[in-house]
Amino acid sequence: MNTALLHASRNAGIAVLYQDRQLRTVWSHNLQPPWSEALQEDGEAGNLLPAQQADRLDAAKKNVLATGNPDGLEISLADSDSGMRWFEIWVDADRGPRGRIKGVVITVVEVTDQKRREQTLKALLREVSHRSKNLLAIIQSIASQTGRYSGSIDGFLVRFRGRLQSISASQDLVTSSNWRGARFRELAIGQIGRYSDDTARAISFSGSDPYLNPNAALHVGLAIHELAVNSVSYGALSRSNGIVEITADIDGSEHEDGPIMMLQWTEAIDTTGDLQTRQKRFGSIALERVVPTALGGSAELEIGPDQLRYRLAMPSANYELD
């Protein structure tokens, strides 16, 4: 090989080995571990290669010597430092002036990084597929329940659009965190901010700020959306001086998955509020059934003469605390 090709192959991470018809190594270039130890001078794959991999490589070389046709294979090797390593190997016949096969040229290229990227991509695609199916199931449930409690097409479209926008806003936070989830307070501000121009004044936070996992973020976001929609019509958000009090605290009780986080929304309301009617509408169904069921927790919606209080208890599987 000329000098230019030697430099190019080394810079590209390509190793080349030439063996004669007896599979004795004549020369090699840029042969790095484990191949520098695995290929012995007698041409046989050494003990560093697993028996099955060594047999495959030897069979490929012998096949090329017998037929003159090129052959290729992929070999994976366990590595104590970096886990599994992958190599693409090509075996080509070297012919003399009269076409007689003089030996084989073996080219080795490590493709570990490419394989790991492929594995990561496949894992991400599986995750996206899984989450997309979950999201579609949530949307299907929202559409069904909204339709059940809507008196007209126009009413359905208004409510369904609002709930989709709520899911979308929560999903944006989840996506921006690389699917980890969302901070509770950031989630609440985002949902309420769609209905209030002054969330800094209108919301009073106390307690902790748990990090909600993706499923919890979507459902807690939906609960806050329903509360905010009612509040902007009949409660604190409908008044210039109204305040919604939101707390998040460990309530001291234990669940099989760990401590329970209690989220609470409290506000003063107009007694004509929609949630006060005895007829159950989707807002209260979502708050009392859909959301707690999805989180494996429980919920309680209390409506007094002049106050609304919503408590959502969720097991620790739904959140993390710093």
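Refer to the structure presented above.
Now for a quick tour of the structure. (Residues numbered from 1 in each chain as written. Predicted model: local features only at pLDDT ≥ 70, side-chain atom pairs only at ≥ 80, totals over all residues. Heavy atoms only, no water.)

**Side note on the sheet that holds strand 13 (residues 319-320)**
Formally: Pairing between strands requires that DSSP locate at least two bridges from one strand to the other. Under the DSSP-based scheme used, a helix requires at least four consecutive residues in state H or I and a strand at least two consecutive residues in state E, with every element numbered from the N terminus.
Reading across from one edge, 6-8-13 is the order of the three strands in this open sheet, with antiparallel pairing throughout. The two strands at the open ends of the sheet, each matched to only one other strand, are strand 6 (182-183) and strand 13.

**Some details on the sheet that holds strand 2 (residues 25-29)**
The test is simple: Here an angle of 0 to 180 degrees is reported between the N-to-C directions of two axes, which are lines fitted to C-alpha atoms, with helices fitted over the stretch in contact.
With antiparallel pairing, the five strands of this open sheet are ordered in space as 2-1-5-4-3. A single partner strand is all that each edge strand has here, and the edge strands are strand 2 and strand 3 (71-79). Each strand of the sheet is rotated relative to its neighbour by a mean of 20°, with strand direction disregarded. As paired strands, strand 1 (residues 14-20) and strand 5 (residues 101-110) are joined by seven bridges and run antiparallel to one another. When the bridges of strand 5 are listed, Leu17 appears paired with Ile106.

**Remarks on the packing of helix 5 (residues 153-176) against helix 8 (residues 214-234)**
Any two packed helices are characterised by how steeply their axes cross, that is the angle between the axes, and by the distance between the axes. Note the following rule: Working definition: roughly parallel below 35 degrees, roughly antiparallel above 145 degrees, roughly perpendicular at 65 to 115 degrees, and oblique for all remaining angles. For a crossing to be left-handed, the near helix must be turned anticlockwise from the far one by less than a right angle; the clockwise case is right-handed. Residue contacts are counted whenever heavy atoms from the two residues lie within 4.5 Å of one another. By the convention adopted, Pro, Cys, Tyr, Trp, Phe, Met, Ile, Leu, Val and Ala count as nonpolar, Lys, Arg, Asp and Glu as charged, and the other residues, Gly among them, as polar.
Direction vectors running N to C along helix 5 and helix 8 enclose 140°, while the axes themselves pass 9 Å from each other. For the element pair helix 5 / helix 8, the angle class is oblique. By crossing handedness, the relation of helix 5 to helix 8 is classed as right-handed. Of the residues in helix 8, those touching helix 5 at Gly162, Arg163, Ser166, Ile167, Ser170, Gln171 and Val174 are Pro214, Ala217, Leu218, Gly221, Leu222, His225 and Glu226. Grouping the constituent residues of the contact of helix 5 with helix 8 by class yields six nonpolar, six polar and two charged.

**Overview of the nonpolar core**
Formally: Residue types Ala, Val, Leu, Ile, Met, Phe, Trp, Tyr and Cys, when buried and joined through side-chain atoms within 4.5 Å, form a set referred to as a nonpolar core. Think of it in three bands: with a 1.4 Å probe and only protein chains considered, a residue is buried below 20% of the maximum accessible area for its type, exposed above 50%, and partly exposed in between.
Core analysis: the largest hydrophobic core is formed by 35 residues, its most contacted members being Leu212, Val220, Trp265 and Tyr310. Within the residue set of this core, elements represented by two or more residues are helix 5, helix 6 (184-192), helix 8, strand 9 (244-255), strand 10 (258-268), helix 9 (282-295) and strand 12 (307-314). A total of seven residues in this core trace back to one element, the largest contributor, which is helix 8. Residues Leu17, Leu57, Ala60 and Ile101 belong to the second largest nonpolar core, which totals 21 residues.

**Points about the side chain of His225**
As a reminder of what qualifies: Within 3.5 Å is the distance limit for a polar contact, defined as a pair of N or O atoms, with the added protein rule that one can donate a hydrogen and the other accept it, and that residues adjacent in sequence qualify only through two side-chain atoms.
Inspection of the secondary structure assignment puts His225 in helix 8. At 3.4 Å, the side chain of His225 and the side chain of Arg194 are in polar contact.

**Considerations on the packing of aromatic side chains**
We apply this condition: Ring pairs are drawn from Phe, Tyr and Trp, using the six-membered ring of Trp, whenever the two centres fall within 6.5 Å, and their geometry is named by plane angle: stacked under 30 degrees, edge-to-face over 60, tilted for the rest. Whether a charge lies above a ring is judged from NZ of Lys or CZ of Arg, which has to be within 6 Å of the ring centre and within 35 degrees of the ring normal.
Counted according to the given criterion, the structure contains two aromatic pairs. Ring plane angle 5° and centroid distance 5.9 Å describe the contact between Tyr18 and Trp27, whose orientation is recorded as stacked. Here the guanidinium or amino end of Arg180 rests over the ring plane of Tyr211, the centre of that ring lying 3.8 Å away.

**As for the environment of Gly193**
Checked against the element boundaries, Gly193 lands in the loop between helix 6 and helix 7 (199-202). Gly193 gets classed as partly exposed once you look at its relative accessible area, which sits at 34%. C-alpha separation for the pair Gly193 and His225, spaced 32 residues apart in sequence, amounts to 10.0 Å.

**Focus on helix 6**
Using the following cut-off: The arc in question is the one traced by the directions running from the helix axis out to the C-beta atoms.
Within helix 6, burial applies to Phe184, Leu187, Ala188, Gln191 and Ile192. Angular distribution of buried residues about the axis of helix 6 spans 120°; they occupy a single face of the element.

**Some words on the pairing of strand 1**
A regular strand places its side chains on the two faces of the sheet in alternate fashion. Within strand 1, six of the seven residues are buried, which leaves the element mostly enclosed by the surrounding structure. In the sheet, strand 1 pairs with strand 2 via four bridges, with the strands oriented antiparallel. Bridge pairing in strand 2 places Leu17 opposite Ser28.

**Points about helix 5**
The line we're drawing: The length a helix should cover is 1.5 Å for every residue beyond the first.
In this model helix 5 runs 34 Å from its N-terminal to its C-terminal C-alpha over 24 residues, within 8% of the 34 Å that 1.5 Å per residue would give. Residues Gly155, Phe160, Gly162, Arg163, Ser166, Ile167, Ser170, Gln171, Leu173 and Val174 constitute the buried set of helix 5. Following helix 5 by one or two positions, Asn178 adopts a phi angle in the positive range, close to 60°.

**Quick notes on the pairing of strand 12**
Relative to strand 12, strand 10 runs antiparallel, the two being bridged by eight bridges. For Leu263, the partnering residue across the bridge sits in strand 12 and is Leu312. Strand direction decides the pairing type here: strand 11 (residues 298-303) and strand 12, joined by six bridges, are antiparallel. Within the sheet, the bridge partner assigned to Leu301 lies in strand 12 and is Tyr310. Once strand 11 ends, the chain turns through three residues before running back antiparallel as strand 12.

All quantities given are derived from atomic positions and should not be read as evidence of function.
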